Amino acid sequence: MTPSPAVEARGLGKDFASVRALDSLDLDVSEGEFFALLGPNGAGKTTAVHLWATLLKPTRGSARVLGHDVVRDGLAVRRRIGLVFQEPTLDRDLSVLENLQFAARLWDLPGRVAGPRIAALLEQFDLAERRDVPVRTLSGGQRRAADIARGLLAEPRLLFLDEPTAGLDPGARRSLWDAIHRLRTGRGVTVFLTTHYVEEAEPCDRVALLDRGRLAALGTPAELKRRAGTATLEGALLATRA
Amino acid sequence: MRPLYGIVAREFLRFLRQRGRLWSSLARPFVWLLLAGTGFAAVFTGNAQLDYRRFMAPGLVGMVVMFGAFLASLSTVVDRDAGVLRLLLVAPIERGAVAFGKVLGATVLGTAQALVVGLVLVPAVGLRPGAGGLLLAGGAIVLASLATGALGLALAATMRSLENFSTVMNFVVFPMLFLSGALYPVQHLGGWLRLLTYLNPLAYGVDLLKHGLLGSWAGSGYGGEWSVALDVVALSGCSVVCFIAATLLIGREGGMTRTALRDRG
């Protein structure tokens, strides 16, 4: 028996009132893959991720995550995934540490597991000295870093990163890529990235180009460039939009 | 259990962090006692049996419950704006557990504040309820916190932002307070206003508090007006219905924030 794909979509679509955010997506992402959903703002990337993360219900088609249907078995899906949202999810009145402790409890991590993990993440994202100040007093980049640390806390088998580097300073950006690299090589975590920065999709195993709610192209970065007859992924992206 | 504890602990931490909210919640009933109590007491001086400040005490405790529990769960709208609601929705817990945690947090907050205020207020106005009365009043505080907390959450689950906060204050909080029997017996209200009191969970909570704290007044028309059984059934029913509604509604739109809605295009 072949293992279920980590992420799967069959004719998956979502409408918001009269707006068709996602048309009809067919996609398989294997376990252990480093995958990027690349497209301009408004292409439907976040909608797709929210459908897999069980935050939204599909209008059409079906979606599965690690073999579990997102509609029928939402809890099983949420137990296995991590998600770093495009927008902040932190309580601005609580400190960085309190926010991470809150998330650790939500993910049912015992204190003896959460404590060292939180300390390591704070160190990794240069937040150790700011851990006791309210999130409201942090800079935009520090807040973003704290949010990413929150997403990595539960060490999921599958990690969705929705535009993770937006607003991140170069140092924190490097910490993020280092963390992702460690998760992938050390624990074989599947990483599903959405981005509108072409250079971030470059190191991925495979890239899907999403345009106006439709899958425009799918393949390794090399394949996409070859097919479009361009030297860069950016050229391939522009070619699909033409 | 750990996720539930996490949700409740955060509510408590937020409350303690917001100093203004803490102090105003503790001072509010005494300001009312001083300003409204003194004024109304003067109106009621003709009635020898009635000490208005004593009559008002159960209602003021009910008011603390409402501001404590109802507004705490209503602040889930703030969680939506801050993105914390989405964190709760993507956490590996059922929607019902999210709703239960929020209602439990509101109940604990409402109960704690009402107990602190009640322990000062009740002796201060000269009420001396017996052990049974105190127990009943304690139960009333917990049940009323639960019912108004669940109502607040159900309401918050349908709202996108607190921009309409003043609408909520004008059309929910103040009518709930004035139609609760906290300031005057509801039996004197006529027609549709009287009907509204039957839909107001706070009215049952205040009535139950009067049974506990003003037990000996029942005959005079200033104690509890409905039966204890009706109060308990109504408060429990309201809690269950609102909790179910909140569970069904809280995941609406994936806990989307306003910014996300605007960007979705």
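Above this text sits the structure in question.
Because the structure is a prediction, the values reported are computed rather than measured.

Scanning chain B for helices and strands turns up twelve helices and zero strands. Each helix and strand of chain B, placed in order from N terminus to C terminus, yields the pattern α-α-α-α-α-α-α-α-α-α-α-α. Computed over its C-alpha atoms, the radius of gyration of chain B comes to 19 Å, within 12% of the 18 Å expected for a compact globule of 265 residues. Referenced to the eigenvectors of the C-alpha coordinate spread, the extents of chain B come out at roughly 65 × 40 × 35 Å. Sorting the 265 residues of chain B into buried and exposed places 54% on the buried side. Of the contacts made within chain B by residues no fewer than 6 positions apart, 82% connect residues no fewer than 24 positions apart. As displayed, chain B has an accessible area near 10800 Å², and 70% of this comes from carbon and sulfur atoms. Charge separation in chain B, taken as the distance between the mean sites of 21 positive and 11 negative side-chain charges, equals 5 Å.

What follows covers the packing of aromatic side chains. One pass over the full model with this rule turns up nine aromatic pairs over all chains. Where Phe160(A) meets Phe192(A), the ring centres are 5.3 Å apart and the plane angle is 55°; that geometry is what we call tilted. With Phe160(A) in strand S7 (residues 158–162) and Phe192(A) in strand S8 (residues 190–195), the pair connects residues that are 32 residues apart, well separated along the chain. In this pair, the class of Phe160(A) matches that of Phe192(A), namely buried. Aromatic side chains Phe40(B) and Tyr52(B) sit 5.5 Å apart centroid to centroid with 50° between the ring planes, which places their arrangement in the tilted category. Placement of the pair is Phe40(B) in helix H2 (residues 19–43) and Tyr52(B) in helix H3 (residues 52–74), with a sequence separation of twelve residues.

Bringing the interface of chain A and chain B into the picture now. Interfaces are often described in size by the accessible area the parts lose on coming together. Between chain A and chain B, the residue contacts involve 30 residues of the former and 34 residues of the latter. Roughly 3000 Å² is buried in total at the junction of chain A and chain B, and carbon and sulfur atoms are behind 62% of that figure. Put simply, chain A and chain B have six salt bridges between them. Between Arg86(B) and Glu87(A) there is a salt bridge, with the nearest N and O atoms lying 3.8 Å from each other. Inspection of the region where chain A meets chain B yields ten residue pairs in polar contact (both at pLDDT 80 or more).

The next thing to look at is the pairing of strand S2 (residues 19–29) of chain A. Residue and element names in this part refer to chain A. By the bridge criterion, seven bridges tie strand S1 (residues 7–16) to S2 in an arrangement that is antiparallel. Bridging across to S2, Lys14 finds its partner in Leu22. Hairpin connection, S1 to S2: the antiparallel pair is bridged by two residues, and Ala17 has positive phi, about 50°.

Once that is clear, we can look at the nonpolar core. Ranked by size, the top nonpolar core spans 157 residues in total, and within it Trp52(A), Phe125(A) and Phe192(A) carry the most contacts. Ranked by the residues each element gives to this core, the list is headed by H3(B), at 14 residues. Apart from residues no more than four positions distant in its own chain, Phe192(A) is found in contact with Val7(A), Leu27(A), Val29(A), Phe35(A), Leu37(A), Val49(A), Trp52(A), Leu158(A), Leu159(A), Phe160(A) and Leu161(A). If you look at the next biggest cluster of nonpolar residues, it comprises six residues, including Phe15(B), Ala69(B), Ala72(B) and Leu109(B).

Turning to the sheet that holds strand S9 (residues 206–211) of chain A, a few remarks are in order. All names here are of chain A. Across the sheet, six strands lie side by side as S6-S7-S8-S3-S9-S10; this open sheet has mixed pairing. Each edge of the open sheet is held by one strand with a lone partner, namely strand S6 (81–84) and strand S10 (214–219). Sheet twist, expressed as the average angle between the axes of neighbouring strands with direction ignored, equals 15°. Pairing analysis gives five bridges linking S7 to S8, with the strands arranged parallel. Bridge pairing in S8 places Leu158 opposite Thr190. The strands touched by helix H1 (residues 45–52) are strand S3 (34–38), S6, S7, S8 and S9; relative to S8, the strand with the most contacts, the crossing angle is about 150°. Sheet strands in contact with helix H8 (residues 221–228) are S9 and S10, and its direction is about 110° off that of S10.

So, on to unusual backbone geometry. All names here are of chain A. Positive phi, close to 50°, is recorded for Glu163, a residue that is not glycine. In this structure, Arg212 takes a positive phi of about 45° despite not being glycine. Among the structural elements, Arg212 can be located in the loop between S9 and S10.

All names here are of chain A. As for its position among the elements, Gly213 is in the loop between S9 and S10. Classification of Gly213 as buried rests on a relative accessible area of 2%. Residues in contact with Gly213, not counting those within four places in the same chain, are Ala21, Leu22, Asp23, Ser24 and Ala43.

The rules we used
- Residues numbered from 1 in each chain as written.
- Chains lettered and ligands numbered in written order.
- Predicted model: local features only at pLDDT ≥ 70, side-chain atom pairs only at ≥ 80, totals over all residues.
- Heavy atoms only, no water.
- Helix = DSSP H or I, 4+ residues; strand = E, 2+ residues; numbered from the N terminus.
- Rg over C-alpha atoms; globule rule 2.2 N^0.38 Å.
- Buried < 20%, exposed > 50% of the residue type's maximum accessible area, 1.4 Å probe, protein only.
- Contact = heavy atoms within 4.5 Å.
- Areas by Shrake-Rupley, 256 points an atom, 1.4 Å probe, with all protein chains shown as cover.
- Lys, Arg positive; Asp, Glu negative; His and termini not counted.
- Charge placed at Lys NZ, Arg CZ, Asp CG, Glu CD.
- Phe/Tyr/Trp six-rings, centres within 6.5 Å; stacked < 30°, edge-to-face > 60°.
- Buried area = accessible area lost by both parts, 1.4 Å probe.
- Salt bridge = Lys/Arg side-chain N within 4 Å of Asp/Glu carboxyl O.
- Polar contact = N/O pair within 3.5 Å; in protein donor to acceptor, adjacent residues only side chain to side chain.
- Pairing = 2+ DSSP bridges.
- Core = buried A, V, L, I, M, F, W, Y, C linked by side-chain atoms within 4.5 Å.
- Axes fitted to C-alpha atoms, helices over the stretch in contact; angles between N-to-C directions.

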